[in-house]
Amino acid sequence: MASMTLRVNGEAIDVELDPAKPLLWVLREELGLTGTKYGCGVAACGACTIHLDGRAVRSCILPADAAEGAEITTIEAVSGGAAGVAGQLAQQAWIEMQVPQCGYCQSGMIMAVAALLGENPNPSDDEIDAAVTNICRCGTYPRIRKAVHAVARHMETAS
Amino acid sequence: MRRRTFLLGAVATAGGVMIGYRSWSGSFERAARSQVEGPGEHLLAGWIKIGADDIVTVQVPHIDMGQGVHTALAMMAAEELDADWSKVRTERAPGEKTFANRFLARGWIMQNRAVPAFADGITDMVFTEAARFIDLQITGGSTAVRFTGRAGMRIVGAAARGMLVEAAARRWNVPGVRLAARDGVVTDPATGRSARFGELAEEAAQLSVPANPRLKEPREWRIVGTSPTRFDIPAKTDGSFAYGIDLALPGMVHAAIRVAPVHGERLLRVDTGPAEAMTGVERVLPLDHGVAVVAKSWWQANEAMLALEPEFSTEGQMVLSQADLEQRQDQALGSEGSSAHAQGDADAALETASAERIVEAVYRVPYLHHAAMEPINATAQFADGVLTLWAGEQDALGAKALLVELSGLGADNVIVRGLPAGGSFGRRIAPSADYLRRLVPIALAMSPRPVKLILSREEEFTHGAYRPALATRVRAALGENGLPTAWSQRFLAAPTRNEAFVLPYAIENQSLRSIDFATHVHTGTWRAVAHTQHAFWTESFVDELAHAADRDPFVYRRDMLPEGSRQRRVLETAAERASWGTPLPAGTGRGIALHECYGTWVAEVIEASLGEDGGPRVHRVVAAVDCGGLVHPDTALQQVEGGIIMGLSAALREKITLEDGRIVQTNFHDYDVFKLEDTPKIEVHFLESDAPWGGLGEPALPPVAPALANALFAATGRRIRRLPIADALAETA
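Fair warning: this is a prediction, and the values are worked out from it, not measured in the lab. (Residues numbered from 1 in each chain as written. Chains lettered and ligands numbered in written order. Predicted model: local features only at pLDDT ≥ 70, side-chain atom pairs only at ≥ 80, totals over all residues. Heavy atoms only, no water.)

**Examining the sheet that holds strand S2 (residues 48-51) of chain B**
Working definition: the strands of a sheet are paired by backbone hydrogen bonds and lie parallel or antiparallel to each other. All names here are of chain B. Filter applied, for reference: Between any two strands, pairing holds if DSSP finds at least two bridges. Secondary structure is summarised from DSSP: a helix means a run of H or I of at least four residues, a strand means a run of E of at least two, and numbering begins at the N terminus for each. Only the stretch in contact is used when fitting a helix axis, every axis being a line fitted to C-alpha atoms; angles between N-to-C directions are given from 0 to 180 degrees.
Reading across from one edge, S1-S2-S3-S4 is the order of the four strands in this open sheet, with mixed pairing throughout. At either margin of the open sheet sits one strand with a lone partner, and together these are strand S1 (41-44) and strand S4 (88-92). Averaged over all pairs of adjacent strands, the angle between strand axes in this sheet comes to 25 degrees, irrespective of strand direction. Summarising the sheet, S1 and S2 pair through four bridges and their orientation is antiparallel. Among the inter-strand pairings, His-42 is bridged to a residue of S2, identified as Ile-50.

Below, the structure is given as structure tokens:
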């Protein structure tokens, strides 16, 4: 067990835990932030995607101590984090285009998309394919692609 | 499934028996009210709650696993109720007999035929009791809208509207017929008086439920046929939507399990020491078929599980490898089986046909995993003599019956609380719910604390309830005009209800024989169930016949379908919208397939080619769908898109295989499912018809594999007779 301070959604939180515990389980079990999902545990599906200093990271294989000192943002605060504008617009587009089916993967999808749009406000289809490699078993992919393009258009008119 | 069908039949015909149950009805209704009514709320017609604040809450006897049925069913009820849509909500109906899904039972018995008006009142009572009797509250078979909605929620909504109008009529002392209801308000046009539903609910709840409420004509619909925002979506974009895996209860502990890697084998011995020594671990529990670790957190439980080295038996009659599996399939195909369908004399017709007019082929499909994104989980607590389950089960009452059996408790001491599921696709259903068999002894041992069991993704992959691996041998004789005169098929089948083998085409002589086939591998219901393999077999072989006859595969099919039929219109629409017959780039081919599933006809045309690496590429999918009518067109579209994508993923790449009797695939790194980059252009065309409404969650999936395999044949001349397609191509390369 080790004491450490994690910066989560703009707040400094002191925790006492096994430093090897993956950030996913720290968020879910210690901090009650259950919007970040367990999907595979091997960084293959992306359901656990969070932002670490604004970049999309799969938290299921990231030991808690590796996240110390970084700014951690989860789906619960994506509209207020580093990629806040993109995150908020993505959430709106997800509702307008009725993207989710079961919804379980969508936290991770929105985190991946928000990070992409934060860096690249007008991605091509190939760039979207390369950045959003999360798995959705319900098959919401056509709507995700449409929603990403819609957000890009919003960001262009807003800027 | 067979057991249920039989019981339903028995109950439905034993009118005398029903009278006994019928007299319980009043106490059922009282129990239902006590289970769902809060302060100021009143339950009308058994399923619709109206509060003093005008909020209308529809009780939905299906789980939300992504298919949008809560919104669709609420729309159907609200339409007939003339509710204000902005005030409509839904609740998952309690997993209790008081909310047994009578509508689903009726749909099954009537085989989706329209219920004759004269039988309506009678059948409703009989089937309500039948459904309660057999514990029916299932989400599956694409039944929600077509049975629960069409035969249930509309009638319930109309009945509740009748009660509200009657309450206003009594209050104002005027005849009910002159009153109108719209947007949650009853008005008297003659006097201008009005009353909100919330003001009338208490009085309405005292009235008897009208026996024959009038249903609206489709032209009067104002809510059905529109696409309002689904209730569940906003919470699915900000992390606040709570699935079973997110449940937190006071004092809860967490369990991880490891079950014998060869299905059916038993735990011989395990040294519990290494896990017990680890931080957070509370108990290590040997189970019949595996071992469980209970800890303060699930991560700790799973880490401790990985430290254990349990030994398992190896006694069963297992299939060791893929080669072994195929050998057993071939052996089984040599047996007679039982007749699934026979007309004319197919064997005689084949015997007299000349050899060059006969086409024959063997097809195979692999085991498939559901791989829903939310790993299987369930929470249970045994306290004060009551066992409570919280889980996203597709069959809440079936789960309850299973818990009664496992715990030895009476039904009154078992409670099932339904939670939304992060996908399911047929996995979370009582006969396949082996995880509940593991959870119950753990919950009993940890009593009175609640235990949440989560299967690690590895455990979830290797202990699935797979689409069975099956094979078929089919022979046909072609007549002078090239069309088949005889079709003789033997197919392997899992012991579930199967209506998927039916040939849609006019072929004079048919012999279809079903051969039961099972191995030690645990199988279950995978999206669209037996339709997934039968559509591949039937529609691939018809394509082979068309090419053997040197005919266009679309025209060949069309000429065997009745003129003016739904199926012919669907096939023609798909072909037309896909510009069938127009030139494509070199190396690209078009394939077509048609299939009926749960009352819905779907035809698909797929364009595909081989990429530079030799791997298949899908460029475009065009689907034509006739499911009767649409409640929420956007959700309907989404279900078809999703079905097509899951179908492409399965057809191209998915397989569960065996090695030493164990499942080889353990996670998404070696079970390759579709991603965004794989997804082609999908175009969907709905055809409305006056046919009884069909399902939509499943029917778009089955035609995908044959349409794609046929497209690749058109592109390359290589016929695909086994799935996944990637393997078949590698084999013949």
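Next comes the rest of the account.
**What about the interface of chain A and chain B?**
Stated precisely, the cut-off is as follows: Contact between two residues is taken to exist if any of their heavy atoms lie within 4.5 Å; hydrogens are not considered. The term buried area refers to how much accessible surface (probe radius 1.4 Å) is lost by two components on association, counted for both of them together. Here a salt bridge means any side-chain nitrogen of Lys or Arg lying within 4 Å of a carboxyl oxygen belonging to Asp or Glu. The residue classification treats Ala, Val, Leu, Ile, Met, Phe, Trp, Tyr, Cys and Pro as nonpolar and Asp, Glu, Lys and Arg as charged. All others, Gly included, are polar.
Listed as interface residues are 46 residues of chain A and, on the opposing side, 60 residues of chain B. Interface area, chain A with chain B, both sides summed: about 4200 Å², of which 59% is carbon and sulfur. Considering only the side of chain A, the residues that lose the most area to chain B are A:Gln98, A:Gln101 and A:Arg137, jointly responsible for 21% of the buried surface there. Across the pair B:Glu654 and A:Arg137 runs a salt bridge whose closest N-O atoms are separated by 2.7 Å. The set of elements that each furnish at least two residues to the side of chain A that touches chain B consists of helix H1 (23-30), helix H2 (84-96), helix H3 (106-119), helix H4 (125-131) and helix H5 (141-158) of chain A. Here the side of chain A that touches chain B gets four residues from one element, more than from any other, and that element is H5(A). Among the residues forming the side of chain A that touches chain B, the class breakdown is 24 nonpolar, twelve polar and ten charged.

**Description of the environment of A:Ile110**
Relative to the helices and strands, A:Ile110 resides in helix H3. Taking the C-alpha atoms as reference, A:Ile110 lies 14 Å from A:Pro121; in sequence the two are eleven residues apart. Not counting the four nearest positions on each side in its chain, A:Ile110 is found in contact with A:Ile75, A:Ala90, A:Gln91, A:Trp94 and B:Thr237.

**Observations regarding unusual backbone geometry**
Selection criterion: Burial here depends on accessible area, computed with a 1.4 Å probe over protein chains only, as a share of the maximum for the residue type. Under 20% is buried, over 50% is exposed, and the range in between is partly exposed.
Between B:Ser447 and B:Pro448 the backbone carries a cis peptide bond, its omega angle lying at 5 degrees. Considering the arrangement of structural elements, one finds B:Pro448 in the loop between helix H14 (434-446) and strand S18 (451-454). Of the consecutive residues B:Leu723 and B:Pro724, the connecting peptide bond is found in the cis state with omega at 0 degrees. The residue B:Pro724 is located in the loop between helix H20 (704-716) and helix H21 (725-732) in this model. The phi dihedral of A:Ala43 is positive, around 60 degrees, even though this residue is not glycine. Mapping A:Ala43 onto the fold places it in the loop between H1 and strand S3 (49-52). Judged by relative accessible area, which is 22%, A:Ala43 ranks as partly exposed. Of note in the backbone geometry, B:Ser579 takes a positive phi value of approximately 55 degrees without being a glycine. Topologically, B:Ser579 is positioned in the loop between helix H18 (566-577) and strand S22 (588-597).

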